[in-house]
Each structure stands twice: as structure tokens, then as C-alpha cells.
Amino acid sequence: MKYVCEVCGYVYDPAVGDPDGGIPAGTAFENIPDDWVCPICGVGKGDFKPE
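Residues numbered from 1 in each chain as written. Predicted model: local features only at pLDDT ≥ 70, side-chain atom pairs only at ≥ 80, totals over all residues. Heavy atoms only, no water.

## Re the pattern of salt bridges
So, step 1. Across all of its chains, the model carries 2 salt bridges by this definition.
So, step 2. Among the ionic pairs, Lys2 bridges to Asp13, the shortest N-O distance being 3.8 Å. Residue Lys2 is found in the segment before strand 1 (3-5), and its partner Asp13 is found in the loop between strand 2 (11-12) and strand 3 (48-50); the two are separated by 11 residues along the sequence.
So, step 3. With a shortest N-O distance of 3.8 Å, Lys45 and Asp34 are connected by a salt bridge. (Salt bridge = Lys/Arg side-chain N within 4 Å of Asp/Glu carboxyl O. Helix = DSSP H or I, 4+ residues; strand = E, 2+ residues; numbered from the N terminus.)

Next up, the structure:
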């Protein structure tokens, strides 16, 4: 399932991950560390919702 940032619209896709943020492809959103932030606007996981 993809998750979208409610602030900037960035979509976290588990198939892609966030390589620049240290999140490898295949990582489910639930398994991302709690201190991860949106790579575009910097908000935390709490500002993401399922797409």
C-alpha cells in the first residue's frame, strides 16, 4: 500500500522505498523507523495517510 504526505503530496511507494533516506525498496510503510521524515517537506510519519 502506498502512503501520501498530507502536506506536500509526496507518495511513499514500498516498491521503491526511499533510497536517499536509507529506506530500501520493499520496505512497508509500517516498518519505516519512527524518526523517518518526508524527503520533500520534512514532516514525520504521522502526516502520511494511505493512498
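After that view, the rundown keeps rolling.
## Digging into the side chain of Asp18
So, step 1. For Asp18, the position within the fold is in the loop between strand 2 and strand 3.
So, step 2. The buried charged residue Asp18 lacks any salt bridge partner; its closest oppositely charged side chain belongs to Lys45, at an N-O distance of 12 Å.
So, step 3. Within the structure, the side chain of Asp18 is placed 2.9 Å from the side chain of Trp36, a separation counted as a polar contact.
So, step 4. Among all residues touching Asp18, those that are not within four sequence positions of it are Tyr10, Tyr12, Ile23, Trp36 and Pro39. (Buried < 20%, exposed > 50% of the residue type's maximum accessible area, 1.4 Å probe, protein only. Lys, Arg positive; Asp, Glu negative; His and termini not counted. Polar contact = N/O pair within 3.5 Å; in protein donor to acceptor, adjacent residues only side chain to side chain. Contact = heavy atoms within 4.5 Å.)

## A closer look at the environment of Asn31
So, step 1. Here Asn31 shows up in the loop between strand 2 and strand 3.
So, step 2. Residues Asn31 and Asp47, 16 residues apart in the sequence, show an inter-C-alpha distance of 16 Å.

## A look at the nonpolar core
Considering soluble globular proteins, one finds that nonpolar side chains tend to be buried as a cluster.
So, step 1. Grouped together as the largest cluster of nonpolar side chains are 11 residues: Tyr3, Cys5, Tyr10, Tyr12, Ile23, Phe29, Ile32, Trp36, Cys38, Val43 and Phe48.
So, step 2. Ignoring any residue separated from it by four or fewer positions in sequence, one finds Tyr3 in contact with Tyr10, Val11, Tyr12, Phe29, Glu30, Phe48, Lys49, Pro50 and Glu51. (Core = buried A, V, L, I, M, F, W, Y, C linked by side-chain atoms within 4.5 Å.)

## A closer look at the state of the cysteines
So, step 1. For the structure shown, the criterion picks out 0 disulfides.
So, step 2. The cysteine Cys5 is free of any disulfide, with Cys41 supplying the nearest cysteine sulfur at 3.7 Å.
So, step 3. Taking the relative accessible area as the measure of exposure, Cys5 reaches 3% and is therefore buried. (Disulfide = S-S within 2.5 Å.)

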